[in-house]
Each structure stands twice: as C-alpha cells, then as structure tokens.
Amino acid sequence: MTERLYYDDAYLTSFDARVTDCAPDGDTYLVRLDRSAFYPTSGGQPYDTGTLGGANILDVFVRDGDVFHRVDAPLPVGGDVHGEIDWPRRFDHMQQHCGEHMLANAVWRQLGGHVIGLHLGAEVSSIDADLPGGRTRVTEEELRALEDTVNENIQRNVPVVCSFPDAETLGRMPLRKPPTVKEHIRIVAIGDFEYVACGGTHPSSSGQVGLLKIVDARPSKGKLRLSFVCGKRAFQDYRRVYDLAHAAAAELSTAVENLPGAVTVLRAHLREAEHTVSVLRREKLLESVPSLLESAPRAKSGVRVVAETVAADIPLLRDLATAIIRQGGAIALLAAPQGESNIFVFARAQDVGEDMGALLASCAREHGGKGGGKPDFAQGGGPMAVLEAARARLLGQ
C-alpha cells in the first residue's frame, strides 16, 4: 500500500517517490507510488493538486488501499519522481476542514446535533446536521452563539494533534462520535474539547484557521445545512461584502450604518412610483379602446376582432377586454408578455356567438400552451402563436 506522507506532516509540500505502476486511462494516466504526500479525495475534503515528475495532477483517489494519481503524461515505472503540492490549495483545505471540526463540535455541544455530512466546496463549505426533534432551522441567536464559540476557540490557538492511538488510549478519549472504521483509526484532537476520527489534513494549531463565518443556514433533505467560510476565504468574503456595502452607501449618498433606513425609504418611494405608473398605464390603455375598435379588422360576420399585445397583468387585461366588448359586436384577443411566455384573455360581447373557451383551448393545444374558460370569457398562457392562431381562425385567414 502507498505510504501516506501527509499523515505525519500536513505541511510537507514536496517529496520524492518511486513509480510502482503507470497505466493509461483514456487521455490520462493512473500512477501509483511507493509513497505520496498528495491527499486523495476523502471524507468531504477534495484532493490535492500540483505536479508529479513534471506531469499535472488531475485527480487523486484511493482504491484497495493504494493512492492513485491521475496525471496528464506518462511516468516511467520503477523510476524516481519528484512531487510538488499546490500549497495554497492544501492550506485552504486545512483551514476549512479544521474549522468544520470546531463548528460540528459547537453544533453538538450547543444544539445537541450530530453532523452527518461535510462538503468542502471551491468557494463555500457546508455541513449537514441532524438536530433533536427533527429541527431544520435555527435562530439568529443560535447561529451567533455557534460563531462566537468557534472563533473563541480559534483565538485560543490551541494545539491540533493528529495521531493513531492504541486501543486503550482510544477508549479514554471523549470522542464526539464513534469512528466509522475498526482498525488504523486516526484521531484529530483540537485542544481539550474536540476529539473525532478523521483522515484529513489540518493545521497544527487552531489559530491558523484565522476566522470562521457562517454564511447560510437552511433546511436540506430533512437536515440543517450550515454553509461557512474559514481563513482567507472568510477575509475575502468580508472584503467583498465591505466593498458592496460601501458602493451601495455611496449610490444612496449615506453612511454604511444608515443603509437599512435608506433602503426602506427607497422601497417606499419605489412602491409609490409603481402605483402611479400602474394607474397611468391603466388610464392610457382604457382610453385607447375607441381607436382599437375603429382600426380592428372584421370577421365575415361583421364582428370586430381586436387582437393586441399589451403590457399588463391579468386584472388589467381583463378590464381592457371588458371595455372592448362592452358596446357589443366585438371580440377581444389580448396577450401580455410574462417572461418567456405570455398570458391571454379572450372575451366576446353578448351578441357574438363565438365560444372563447373552446377557441383558446383549441389554439393552446396546437401550440403547446394551456387555457380555457367560459364561452364569453377565457384565460390561458403560452407562446404568442396561440394569439396569432386564434386571430387567423376568426378572420378566416
């Protein structure tokens, strides 16, 4: 089996090893070494990247106890190669993984929850926690308490010790949860408060995690999912939020601390403006009814067919249709764009014999839309071809 050098030294960034096997796999090559410092994907922590004998590392994984390195060029079997770890990526994963342990410990101690899943993403990491009583949500106060506990333990800068204890020593350790393996159990101990089985890479002290910030908390598949960032990621997140907040404050000509109040005032003004625009749009549309009727083509029966596309919601579309058919002898085929689709209102005057419900349902079926209703009034949605088909049918085109 491959000797895993990262177990003894997570800070090892370069090493020499012998190639024991190199097999082509598609356009890449799977390489085995007698020893390796590259961490393979495991326990929610992604693999290390870097170079091996000049070839680029594309993936690292474990199979039957051996560490396999997927590279983009062949390496000579039996030859010695030099490996270089992408240290910024490795250290970032060390920060995230150690921070996850402390957050999981805080969830266990403060909420009675057990973490059942970890995902270290490229930008944000997350844990899934099973809380007592099936809870999937926590309060803002509980989130702040979790953050406070973790960051206090980070600032204490306690030792982080990884070891393979014997059975007797292991039995005395206050593990947060039972190990998932029976042999060769590796324990990560953070100070005197966190003991858990883990094969990942971690910094030698909690202070190197720097900072932990929970950035999201939401239900996920019946569990609580907490998303977080640590270390440099947390600093970059702070910088991003800082820049955005100050840019927004500058746009509103206010101080950052006054942003909430400024946004509240702005939203009130926006609601007032939207109401005014809505009233004016309604008035303009209803005032256009005489000209719409005057320019509308007539069916063979003499009925005027007003087929128009307007900017409106369903209530306004219905009001416009009602105004068009009020004087009799008219049919209204109205559409309003709604994103990538359209909403329709078809209506006819009482002295017109066409069935609007049947007309809309038929045209909608032909063109992948939906709709229907009563003989005098119908509603639906779909592509503009629905309206065009209805107009052509009424005008005999």
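Look above for the structure.
The structure presented is a predicted model; accordingly, all values stated were derived computationally and were not measured. (Residues numbered from 1 in each chain as written. Predicted model: local features only at pLDDT ≥ 70, side-chain atom pairs only at ≥ 80, totals over all residues. Heavy atoms only, no water.)

### Quick look at the overall build of the protein chain
Logical step 1: On a plain count of helices and strands, the protein chain comes out with 9 helices and 20 strands.
Logical step 2: By residue count, 43% of the 397 residues in the protein chain fall in the buried class.
Logical step 3: A separation of at least 24 residues holds for 59% of the contacts in the protein chain among residues at least 6 apart in sequence.
Logical step 4: Surface accessibility of the protein chain: about 20800 Å² in total, with carbon and sulfur atoms responsible for 51%.
Logical step 5: Looking at charge distribution, the protein chain has the averaged site of its 43 positive side-chain charges lying 7 Å from that of its 52 negative ones. (Helix = DSSP H or I, 4+ residues; strand = E, 2+ residues; numbered from the N terminus. Buried < 20%, exposed > 50% of the residue type's maximum accessible area, 1.4 Å probe, protein only. Contact = heavy atoms within 4.5 Å. Areas by Shrake-Rupley, 256 points an atom, 1.4 Å probe, with all protein chains shown as cover. Lys, Arg positive; Asp, Glu negative; His and termini not counted. Charge placed at Lys NZ, Arg CZ, Asp CG, Glu CD.)

### Thoughts on the pairing of strand S14 (residues 212–220)
Logical step 1: Here S14 runs beside strand S15 (residues 223–230); their pairing, made up of 8 bridges, is antiparallel. Across the sheet, Arg 218 pairs through a bridge with Arg 225, a residue of S15.
Logical step 2: Two successive antiparallel strands, S14 and S15, enclose a turn made up of 2 residues, where Lys 221 displays a positive phi of approximately 55°. (Pairing = 2+ DSSP bridges.)

### Topic: helix H1 (residues 87–111)
Logical step 1: With 25 residues, H1 extends 35 Å between its outermost C-alpha atoms, agreeing within 8% with the 36 Å of an ideal straight helix rising 1.5 Å per residue.
Logical step 2: Burial analysis of H1 places 18 of its 25 residues in the buried class, which makes it a mostly covered element.
Logical step 3: Just downstream of H1 lies Gly 112, where phi reads positive at about 70°. (Expected span 1.5 Å × (residues − 1).)

### Considerations on the pattern of salt bridges
Think of it this way: side chains of opposite charge can pair up when their charged atoms draw near.
Logical step 1: Tallying each qualifying case throughout the model produces 17 salt bridges.
Logical step 2: A salt bridge links Arg 156 to Asp 192; the shortest N-O distance between them is 3.8 Å. Pair noted here: Arg 156 is in the loop between helix H2 (140–155) and strand S11 (160–163) and Asp 192 is in the loop between strand S12 (187–190) and strand S13 (194–197), with a separation of 36 residues, a long-range link.
Logical step 3: For Asp 319, the salt bridge identified is with Arg 282, shortest N-O distance 2.4 Å. Linking Asp 319 in helix H7 (residues 314–325) with Arg 282 in helix H5 (residues 259–287), this pair joins segments that are 37 residues apart in sequence.
Logical step 4: What makes Asp 319 partly exposed here is its relative accessible area of 29%.
Logical step 5: Arg 282 gets classed as partly exposed once you look at its relative accessible area, which sits at 35%.
Logical step 6: Through salt bridges with shared partners, a single network forms among Asp 21, Arg 32 and Asp 66. (Salt bridge = Lys/Arg side-chain N within 4 Å of Asp/Glu carboxyl O.)

### Concerning the sheet that holds S13
Logical step 1: What the 3 strands build is an open sheet, ordered S11-S12-S13; its pairing is antiparallel. What marks the edges here is a single partner per strand, and that holds for S11 and S13. Pairwise comparison of adjacent strand axes, ignoring direction, gives a mean angle of 15° for this sheet.
Logical step 2: Where S11 lies against S12, 4 bridges are found, and the strand directions are antiparallel. Within S12, the residue paired with Val 161 across the bridge is Ala 189. (Axes fitted to C-alpha atoms, helices over the stretch in contact; angles between N-to-C directions.)

### Here we look at the environment of Leu 293
Logical step 1: Within the secondary structure, Leu 293 is located in helix H6 (residues 289–295).
Logical step 2: By relative accessible area, which is 6% here, Leu 293 ends up buried.
Logical step 3: When the C-alpha atoms of Leu 293 and Gly 368 are compared, they prove to be 29 Å apart, with 75 residues separating the residues in sequence.
Logical step 4: Aside from chain neighbours lying at most four places away, what touches Leu 293 is Arg 304, Val 306, Ile 324 and Ala 330.

### A word on the packing of H1 against H2
Any two packed helices are characterised by the angle at which their axes cross and by the distance between the axes.
Logical step 1: Interhelical geometry of H1 versus H2 gives an angle of 130° and a closest axis separation of 9 Å. Taken together, the axes of H1 and H2 lie oblique to each other. Handedness of the crossing formed by H1 with H2: right-handed. Together, Met 102, Leu 103, Ala 106, Val 107, Gln 110 and Leu 111 of H1 and Glu 142, Ala 145, Leu 146, Thr 149, Val 150, Asn 153 and Ile 154 of H2 make up the contact between the two elements.
Logical step 2: Counted by class, the contact of H1 with H2 contains 9 nonpolar, 3 polar and 1 charged residues. (Parallel < 35°, antiparallel > 145°, perpendicular 65-115°, else oblique. Left-handed = near helix turned anticlockwise from the far one by under 90°. Nonpolar A, V, L, I, M, F, W, Y, C, P; charged D, E, K, R; others polar.)

### With respect to the nonpolar core
Logical step 1: Judged by nonpolar contacts, the single largest core of 45 residues is most densely connected at Leu 317, Ile 324, Leu 333, Phe 346 and Leu 359.
Logical step 2: Ignoring anything within four residues of it in the chain, the contact list for Leu 317 reads Val 310, Ala 312, Leu 334, Ala 335, Ala 336, Ile 343, Phe 344 and Val 345.
Logical step 3: In terms of nonpolar packing, the next biggest core, distinct from the first, is built from 31 residues, Ala 129, Val 138, Val 160 and Leu 226 among them. (Core = buried A, V, L, I, M, F, W, Y, C linked by side-chain atoms within 4.5 Å.)

### Points about the packing of H5 against H7
Logical step 1: Interhelical geometry of H5 versus H7 gives an angle of 25° and a closest axis separation of 10 Å. Taken together, the axis directions place H5 and H7 in an arrangement best described as roughly parallel. Considering the relative orientation of H5 and H7, their crossing is right-handed. Residues Arg 281, Arg 282, Leu 285 and Leu 286 of H5 pack against Leu 316, Asp 319, Leu 320 and Ala 323 of H7.

### Describing the packing of aromatic side chains
Logical step 1: All told, the structure shown has 9 aromatic pairs when counted by the stated rule.
Logical step 2: With 5.6 Å between their ring centres and 75° between their planes, Phe 15 and Phe 38 make a pair best called edge-to-face. Taken as a pair, Phe 15 in strand S2 (residues 14–25) and Phe 38 in the loop between strand S4 (35–36) and strand S5 (50–52) lie far apart in primary sequence, 23 residues in all. Per residue, the accessibility class of Phe 15 equals that of Phe 38, and both read buried.
Logical step 3: On the numbers, 6.2 Å between centres and 55° between planes, the contact of Phe 344 with Phe 346 is tilted.
Logical step 4: On the basis of relative accessible area, Phe 344 is assigned to the buried category, the value being 0%.
Logical step 5: We classify Phe 346 as buried; its relative accessible area is 0%.
Logical step 6: Aromatic rings pair up to connect Tyr 6, Tyr 7, Tyr 39 and Phe 164 into one cluster.
Logical step 7: We note Arg 63 situated over the ring of Phe 68; from NZ or CZ to the ring centre the distance is 5.0 Å. (Phe/Tyr/Trp six-rings, centres within 6.5 Å; stacked < 30°, edge-to-face > 60°. Lys NZ or Arg CZ within 6 Å of the ring centre and 35° of its normal.)

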